[in-house]
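Structural description and commentary
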Amino acid sequence: MGGPGLNGTDSIRNGKMKNKKLEICSVCETDFDLDAEGGTKGEFGIIPVAFCPTCLSSIFDMVDQLK
Ligand SMILES: [Zn+2]
């Protein structure tokens, strides 16, 4: 129940243990590992987007300049 599974039962339940979920960055189209590298994903309205760590920090920078 939310705690770290010592026996890896979560991984077994999800099927493949080596299932790396790579996201494709909506800006630079590089693929990145959301869990290992950071970045974010979500929706712009109804459009699914993902941002790699580099682009995400650039976006924050851009937003900062728009303030
Ligand atoms: Zn990117």
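Located above this text is the structure these notes cover.
For the structure given in this document, a descriptive report is provided here. (Residues numbered from 1 in each chain as written. Predicted model: local features only at pLDDT ≥ 70, side-chain atom pairs only at ≥ 80, totals over all residues.)

Right, let's talk about the overall build of the protein chain for a bit. When helices and strands are counted, the protein chain shows three helices and four strands. Counting helices and strands in the order they occur from the N terminus, the protein chain gives α-β-β-α-β-β-α. A separation threshold of at least 6 residues defines the contact pool for the protein chain, and within that pool the share at least 24 residues apart is 27%. (Helix = DSSP H or I, 4+ residues; strand = E, 2+ residues; numbered from the N terminus. Contact = placed C-beta atoms within 7 Å.)

The subject of this paragraph is the environment of Ile-59. As for its placement among the helices and strands, Ile-59 is situated in helix α3 (residues 53-66). Sequence separation between Ile-59 and Val-27 is 32 residues, and the spatial gap between their C-alpha atoms is 10.0 Å.

Take unusual backbone geometry next. Positive phi values are uncommon outside glycine, yet Glu-29 reaches one of about 65°. Relative to the helices and strands, Glu-29 resides in the loop between β1 (22-24) and β2 (31-33).

Our next topic: α3. What sets the pattern is the α-helix's 3.6 residues per turn: residues three or four places apart point alike. Here α3 spans 20 Å end to end across 14 residues, near enough to the 20 Å set by a 1.5 Å rise per residue. With one of 14 residues buried, α3 is to be regarded as a mostly surface element. (Expected span 1.5 Å × (residues − 1). Buried ≥ 20, exposed ≤ 12 C-beta atoms within 10 Å, placed from the backbone.)

Our focus in this paragraph is the pairing of strand β3 (residues 40-44). With zero of five residues buried, β3 lies mostly on the surface of the structure. Here β3 pairs with strand β4 (residues 47-51) via five bridges, running antiparallel. Considered in β4, the bridge of Phe-44 is made with Ile-47. The hairpin turn running from β3 into β4, its antiparallel successor, is two residues long, and Gly-45 in that turn takes a positive phi close to 70°. (Pairing = 2+ DSSP bridges.)

This part covers the environment of Cys-25. Following the sequence through the fold, Cys-25 ends up in the loop between β1 and β2. In this structure the C-alpha to C-alpha distance between Cys-25 and Ala-50, which are 25 residues apart in sequence, comes to 5.0 Å. Every residue in contact with Cys-25, bar those within four places of it in the chain, is listed here: Thr-30, Phe-32, Ala-50, Phe-51, Cys-52 and Cys-55.

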